[in-house]
Structure formats: structure tokens, C-alpha cells
Amino acid sequence: MKFTAYAAVSALALITGNAALAGPEAEVLHYWTSGGEAKSVAVLQQEFAANGGTWTDMPVAGGGGDAAMTALRARVLSGNAPTAVQLKGPAIQEWYEEGVLADISNVANTEGWDEVLPASIANHMKCEGTWCAAPVNVHRVDWIWANAEILAANGIEMPTTWDEFNAASEKLAAAGITPLAHGGQAWQDATVFEAVVLGIGGPEFFQKALVDLDPDTLTSDTMKAAFDQMRTLRGYVDSNFSGRDWNLATAMVMNGEAAFQIMGDWAKGEFLAAGKEPGKDFLCASTPGEGFLYNVDSFAMFEVDGDDKRAGQDLLAKLVVGPGFQETFNLNKGSIPARTDVGLDKFDSCAHLSAQDMNASSEGGSLLPSYAHGMALRGAQAGAITDVVTAHFNSDMSSADAVQMLSDAVANSY
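Residues numbered from 1 in each chain as written. Predicted model: local features only at pLDDT ≥ 70, side-chain atom pairs only at ≥ 80, totals over all residues. Heavy atoms only, no water.

## Here we look at the overall build of the protein
The secondary structure content of the protein amounts to 20 helices and 14 strands. Across the 414 residues that make up the protein, the buried fraction comes to 55%. Considering only contacts within the protein whose residues lie at least 6 apart along the sequence, 76% involve residues at least 24 apart. Of the roughly 16,800 Å² that the protein leaves accessible, carbon and sulfur atoms contribute 50%. Taking the average location of the 23 positive side-chain charges in the protein and that of its 52 negative ones, the two points are 5 Å from each other. (Helix = DSSP H or I, 4+ residues; strand = E, 2+ residues; numbered from the N terminus. Buried < 20%, exposed > 50% of the residue type's maximum accessible area, 1.4 Å probe, protein only. Contact = heavy atoms within 4.5 Å. Areas by Shrake-Rupley, 256 points an atom, 1.4 Å probe, with all protein chains shown as cover. Lys, Arg positive; Asp, Glu negative; His and termini not counted. Charge placed at Lys NZ, Arg CZ, Asp CG, Glu CD.)

## Thoughts on the environment of H373
Residue position: H373 is located in the loop between strand 14 (367-369) and helix 19 (379-393). On the basis of relative accessibility, which here comes to 8%, the residue H373 falls in the buried class. For the pair H373 and E270, spaced 103 residues apart in sequence, the C-alpha separation works out to 19 Å. Leaving out residues up to four positions away in the same chain, H373 has contacts with K88, V141, W187, T191, E194, W266 and N295.

## Brief notes about the packing of aromatic side chains
One pass over the structure, following the stated rule, counts 14 aromatic pairs. Ring geometry for W145 and F271: centres 6.3 Å apart, planes at 40°, overall tilted. Here F271 lies in helix 15 (residues 266-273) and W145 lies in strand 8 (residues 143-147), a separation of 126 residues in the sequence. The same class applies to W145 and to F271, which are both buried. Both rings, one in F241 and one in F393, keep their centres 6.1 Å apart while their planes meet at 85°; by these two values the pair is edge-to-face. (Phe/Tyr/Trp six-rings, centres within 6.5 Å; stacked < 30°, edge-to-face > 60°.)

## As for the sheet that holds strand 9 (residues 178-181)
Spatially, the four strands line up as an open sheet ordered 9-10-8-11, and their pairing is mixed. Of all the strands in the sheet, the pair left with one neighbour each is strand 9 and strand 11 (282-286). Neighbour-to-neighbour, the strand axes of this sheet turn through a mean angle of 20°, independent of strand direction. Summarising the sheet, strand 8 and strand 10 (residues 258-262) pair through three bridges and their orientation is antiparallel. Note on strand 10: the bridge partner recorded for W145 is Q261. In this fold helix 14 (residues 246-254) packs onto strand 8, strand 9 and strand 10, with an angle of close to 140° to the strand it touches most, strand 10. Relative to strand 8, helix 18 (residues 349-364) is tilted by about 160°, and along the sheet it contacts strand 8 and strand 11. (Pairing = 2+ DSSP bridges. Axes fitted to C-alpha atoms, helices over the stretch in contact; angles between N-to-C directions.)

Note that all results are geometric; they support no functional claim without further evidence.
Listed below in C-alpha cells is the structure:
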């Protein structure tokens, strides 16, 4: 009788309680919309579905993520937050302070995240000691990508100093080739700028200038030299750069329309998605100078109603940091796993170089958060710097005026 009664109750539940038995659900807001990125997020969708989950995709185009953050704020203000959001760096803490992030410590502790994630990266994922986000990868920001055929045809090696980069660019320009593929968007200007600051000033200078925001460092002769190099780079960009998306600039290098691009290793995902091979079709090298600028993609989990959605968060968090997904996703994305225990046997030479440099930089104290990609500063301060960088890049402003404007803008951003 007991069994029969139980069976009857179970049958009734199936008829009347389908919502309760629907399984894990996740509405995921992200801005992975380019070729390599879309392929990467599709891997996560498939794995989520294979584990019984229902995924609702909410992609918002725009490589810098600004449009996605506008959409997120509207959703949160209306009391209808997505289950999970592509979010990173201090932005995670800002949303936590607004009291809208969920605690996923139970998953993190069960899965042993503290044992497999570098401490500096784990710290970005914690909110006052509790886990509130799950890291997907580690991107290196300070890369130069090059068309191998163009460089070989013009007798040019990958530059290791900014003087070498400038000399190579002059040679290419003289041959009628666009030296530098670039998209005239604020975040792309900032990406190039921080690589230049690191290369010209070194890791300690970068820390003081773009992490600590030290006023004397911001107005120093070294910072002027960084703006001087930005002015030089402006001369190597084609006239149609304004508003160009980053992946279209990557395509210029891929298609032989330009020689170099300064961009994070998500650009490699575009090359790979197009069937290009590192060392053969394209070349990779860190931008001149020492150090490593990191950008960690992650998913922050927002407070949601319903057991299905909370189960979806737990499943998503577990999968995102799981070794299988970390390998598959990063092979597509161009980045390297956030987990230190994932083997790199299937990864290309650029990824091996990235992992090697990350470990060396971590030990040497030169592993630095990218300001341009939301890892080092809060939005107001980062935005103030980027506004100045873009204003300088798109005008004839002197470097002396630029550093003064930079210092003033940072001071006024608080």
C-alpha cells in the first residue's frame, strides 16, 4: 500500500507540478557574439543541456560589454535579474554592494576551487569572503598579432621593443601596407594604451599609474612618453578605423589588409575559428616590455526566485570551473584555463607562451590586472582614464596636456 500511495502521489506531481520538476534553468546575459566567442559559449550551452538544464540565451553585442551592462542595470532595476551574467573585476564587487548577488560558496567549496585557482584570480571571485562569481579563463591582454606572410615578405621579425615596432611600421607604410589594424572604439584605444604604459614604464610604474592612480606617476615624464608612443601609433592606423569592431580589425590582419594588431588573445580565437594556424598563418608575441596584463572572464550569479533557477546557478557554476569545460572553452576562446591543474597538451604555441609568462609574472610580481578590461579599477575611474586616452588619440593634443588632463580626470572621478 505504501508503494502504491507513493506512486499515486508521484503521478499527481508529474501532472500538476511540472514546473517544480522542470530541472535547472539559467537565463545567461553575456556579450560573446563574435565568431570565436559565439562558438565558445555554444560549448557551455551544450554542456548545460547535457546535464538536464534549460538555457535561455541573452547575448548583447558589443565587445567592450557596455551595452550588456546597460541591459543588466535595466533588468535589475525592474526586479527581474538574469540568472547569471558575464561580469568581472571590481564590477562584481559593485553589484555585491547593491545586495543583488547570490552566494555560490556551497559549489565552490564542494568543488575545491581554492585548491585549483590562483589566489589573485580567486580573490576577484569572492565578495567579503563568500564566492559570488565563477571564473572561466585567463586572457592575456598585452599581445601583438601579425600576418606571417606580410612580415616574411618584408623581412620583418616580430618586434621586441617599441622602437623595433615603429621601425617595422615605417617600413610597412613605405611599402603601402597598413601597419596597425585598429578599431576606433574607446575600449580598443584603452587596450593599446595600457600595453604601451606597461612596455614603456614597466610593471611597477603600471601598478602606480593605472592601479593605484598615483597623481605624480600620472603626470610623470614616463607617462608623457607613453602618450608620445600613442601618437606615433596613431600614424600607423588606416583612415577608416573609426567605429570598427575589434574582430573586423583582426580580420584585416587575417586577410592581409594590415600587418599587426594589438589586442588580447580573444583575437586568437578569431584566427582559429577561421582555420588559421599559429606560426604559419599568424604570429603572436607579447607587446614590448615585461609583465603580464590579465583579463578574467567570469559569471556572477544574481539573486533569483525559484528552486529551478537556483539549481541552474549551481549547475552553471560547477560546469564553468569544471576541468572539461575549462579545456574545451579555452581552446575555442583563445585564452588559457583559470584552473592550474588543466593540461595544455591540446593547446597551441601561443597558449603555452601565455601560461609560461603568466607563471613567471606571478612569481616575479608582474602579474597585473587590466584596467582597460575592468579588472583593476571601478567604472568611474577607468572611464575617466579612457576618455582622456581617446580624446588624445583622436586629436593633436600634446602629451603634456594629456597627462595633466589625465590627472585631473582621475581626481574628479571620485
